Amino acid sequence: MLREDQMTWRCGKHEISLARPRIMGVLNVTPDSFSDGGAHATTAAAIEWGLRMLDEGADIIDIGGESTRPGFTAVSPDEEGKRVIPVIRALVDAGAIVSIDTRHPEVARLAVKLGASIINDVTGFTNPEMVRVAQESDCGCIVMHAGEVSERAPRQTVTLDSTAAARAAAAGITGTASGVSTLPSAPTGAAANAKAADIAAASAPDEPTAAERADAAAAERLDEVMRRSARGVTSTSVALAGGNRRFTLPEEAPIMRRVMGFLGDQARELMRAGVARDRICIDPGPGFGKLADEDVVIQRACAKMVSMGYPVLCAVSRKRFVGAVSGVTEAPARDAATAGVCIAAVAAGARVLRVHDVAGVSQALDSYWAIAHPDPRRAFVALGSNVGDRVEYLARACELINAIPLTCVTGVSHAYETDPAYGIALPVANAVAEIKTELAPLVLLDALMGVEKQLGRKRVPGQEGHGPRTIDCDLLWMEGETHAGRKLALPHPLLGERDFVLVPMEDLMHDPVRFLTHAGISIKPREERVGLVRADLGEISWE
């Protein structure tokens, strides 16, 4: 098994370093989600919230168009697609790593074509058609354990439909006086194929097909799992929890055999289909068909799941068991408690946190990581000045950067006179500082903005990027980090065309073009660059 600091999750064109934990922001484009239903139901509101989460520290945006709360209403693939596709398109265009949270292969396939990099399947890739979508793409795959749906859903499941109730009835699922469905055992192997063939042969043109019936049955099963879980009842709760326990929690072994066995089986199913191991992430599915006690047992066993060798996703945000251990009744008020559970999971080896409150969890995670894990990383900062004693401002900036907590300057290029660029009218003195830092990228960016403020930079409205400035600090590149958002983009999207950055970097390394190209940055030839270097202004004396 790879060490945690060596693990990379490969998701389409993105290689997500898991040297430090990553945050996945939850974006529900639904009217009925259990904790934030309706808050981002319109396309405009959803896009704005996604962009905001990126600026608050999200590395991934997980977009879903169908709620799976207890008593949820199934939606058709068409309806789900109408909700999520415009949001996916906008956030992919903004450079975000997008995950599609869906059980519908049609929606997953379209989302991947539009640039989504991850499929987050609540049914754990038990649907062969969803496995085929993963096989035909290079996306990351999240295998989730969803209680009974994972163990009892027929392998022929294809899609869901808004007419799930009617088709469930046609498939032989009947209600009881208490309103709880009686779920028939799903046939497997030859029996399943024979039954499917019989149904298909007997179906009239206006009747549901075998696939639609299986789909409706799966929807009904998942709904039943969620309703039972909400009532504190599961099919295995008596066996797992015990009727007259003498212990505060049920025994771990049978619970973890059930959960880890399923996750391992489904991961191997994907690999047999040709999905590379480093594309797979596992999620124990807190809240899905599990009692609160069982969820606590599973979270305490997080290190055992990490030992399976896949990245582990912690998706506990605002869940019922979080309320149980914290005493917080209302789901939206469980964010602080969620952060506590997330930190415990990270300490046990989880490396992806799926949360609603990105800002709060990001603060908690950055603080925990800075104290608990020495993690110095290399970064480059571009410095520019076009007023006053420009070289002196560059020197003062280096001194102030060196004073940022958990950060030091390891090298500074010469100062260079460069052509004005991007609408700047005044000649510019530019340099690049190489640093080591243990701060998260957005925390470091805020500190660099503090350097600008200390040196008296005034941002004139409408001229933020073009007006006169005592100093300008741009975070260009940071080891192991990619990011998208309005506040910060890493690597800097214009890095490859800036002569006033690339030439100073030659003072700090042998071949910056080769270095940056290896990091996936396209470098333009000098004749096509902007801000060409015209003169060497000499060394910067800053210590």
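Quick note: structure is the one above.
Cut-offs used in this document
Residues numbered from 1 in each chain as written. Predicted model: local features only at pLDDT ≥ 70, side-chain atom pairs only at ≥ 80, totals over all residues. Heavy atoms only, no water. Buried < 20%, exposed > 50% of the residue type's maximum accessible area, 1.4 Å probe, protein only. Helix = DSSP H or I, 4+ residues; strand = E, 2+ residues; numbered from the N terminus. Pairing = 2+ DSSP bridges. Salt bridge = Lys/Arg side-chain N within 4 Å of Asp/Glu carboxyl O. Expected span 1.5 Å × (residues − 1). Contact = heavy atoms within 4.5 Å. Polar contact = N/O pair within 3.5 Å; in protein donor to acceptor, adjacent residues only side chain to side chain. Core = buried A, V, L, I, M, F, W, Y, C linked by side-chain atoms within 4.5 Å. Axes fitted to C-alpha atoms, helices over the stretch in contact; angles between N-to-C directions. Parallel < 35°, antiparallel > 145°, perpendicular 65-115°, else oblique. Left-handed = near helix turned anticlockwise from the far one by under 90°. Phe/Tyr/Trp six-rings, centres within 6.5 Å; stacked < 30°, edge-to-face > 60°. Nonpolar A, V, L, I, M, F, W, Y, C, P; charged D, E, K, R; others polar.

What follows is about the pairing of strand β15 (residues 472-478). Burial analysis of β15 places seven of its seven residues in the buried class, the great majority of the element. Of the pairings in the sheet, the one linking strand β11 (residues 377-385) to β15 comprises six bridges and is antiparallel in character. The residue of β15 that forms the bridge with G384 is D472.

Turning next to the pattern of salt bridges. Counting across every chain of the model gives 32 salt bridges. For R52, the salt bridge goes to E56, with nearest N and O atoms at 2.9 Å. One end of the pair is R52 and the other is E56, both in helix α1 (residues 43-56) and four residues apart, which spans about a single turn. Owing to a relative accessible area of 22%, E56 belongs among the partly exposed residues under this scheme. Between K304 and E252 there is a salt bridge, with its nearest N and O atoms 3.1 Å apart.

The next subject is helix α16 (residues 390-402). For α16, which comprises 13 residues, the first-to-last C-alpha distance of 19 Å matches the rise-based estimate of 18 Å (1.5 Å per residue) to within 8%. Among the residues of α16, those classed as buried are R390, L394, A395, A397, C398, L400 and I401.

Residue position: N430 is located in strand β14 (residues 428-437). On the basis of relative accessible area, N430 is assigned to the buried category, the value being 6%. With 42 residues separating them in the primary sequence, N430 and D472 have C-alpha atoms 9.3 Å apart. Not counting residues up to four positions away in its chain, the partners in contact with N430 are L383, G384, L394, H414, A415, Y416, T418 and F500. Polar side-chain contacts of N430 include one of 2.7 Å to the side chain of T418.

What follows is about the nonpolar core. Within the largest apolar cluster, 75 residues are counted, with the highest numbers of intra-cluster contacts made by L27, I63, I88, L91, I119, F125 and L270. If you look at the next biggest cluster of nonpolar residues, it comprises 31 residues, including I404, A433, L448 and W542.

A few words on the sheet that holds strand β3 (residues 22-28). The eight strands are arranged β8-β7-β6-β5-β4-β3-β10-β9 in an open sheet whose pairing can be described as parallel. Each of the sheet's edge strands pairs with one partner strand only, and the pair in question is β8 (280-283) and β9 (313-314). With two bridges connecting them, β9 and strand β10 (residues 352-355) associate as parallel partners. From the neighbouring strand, L313 faces β10, where its bridge partner is V352. Together, β3 and β4 (60-64) form the strand contacts of α1, whose direction differs from that of β3 by roughly 165°.

Here we take up the packing of helix α2 (residues 77-93) against helix α3 (residues 105-113). The interhelical angle for the contact between α2 and α3, taken along N-to-C directions, is 20°, at an axis separation of 10 Å. Classified by the interaxial angle, the pair formed by α2 and α3 is roughly parallel. For the element pair α2 and α3, the recorded crossing hand is right-handed. For the pair α2 and α3, the contacting residues are P77, E80, G81, V84, I85 and I88 in the first and E106, V107, L110 and A111 in the second.

It is worth spelling out the packing of aromatic side chains at this point. In total, this model carries four aromatic pairs according to the counting rule given. Ring geometry for Y368 and W369: centres 6.5 Å apart, planes at 55°, overall tilted. Of the residues examined, Y368 reaches a relative accessible area of 22% and is grouped as partly exposed. The rings of F380, W477 and F515 are connected pair by pair, giving a single aromatic cluster.

Counted at 1.5 Å a residue, the expected span for helix α17 (residues 441-454) with its 14 residues is 20 Å, and the 20 Å between its end C-alpha atoms agrees. Where α17 is buried, its residues touch α1, β11, α16, β12 (407-412), β14 and β15. One or two steps after α17, the chain reaches G456, where phi turns positive at roughly 80°.

Another point: the packing of α3 against helix α4 (residues 128-136). At a minimum axis separation of 9 Å, α3 and α4 run at an interaxial angle of 15°. When the axes of α3 and α4 are compared, the pair comes out roughly parallel. For the element pair α3 and α4, the recorded crossing hand is right-handed. For the pair formed by α3 and α4, the contact residues are P105, A108 and R109 on the first element and E129, M130, V133 and E136 on the second. Looking at the contact of α3 with α4, its residues break down into four nonpolar, no polar and three charged.

Put simply, L490 and P491 share a cis peptide bond, and its omega is -15°. Considering the arrangement of structural elements, one finds P491 in the loop between β15 and α18 (499-505). Phi is positive for F125, which is not a glycine, with a value near 60°. Mapped onto the elements, F125 comes out in the loop between β6 (118-121) and α4. Overall, F125 belongs to the buried group, its relative accessible area being 1%. With a phi angle near 60°, L406 is a residue other than glycine that sits in the positive phi range. Tracing the backbone shows L406 in the loop between α16 and β12. Note on L406: relative accessible area 41%, which makes it partly exposed.

These values are about where atoms sit, not about what they do.
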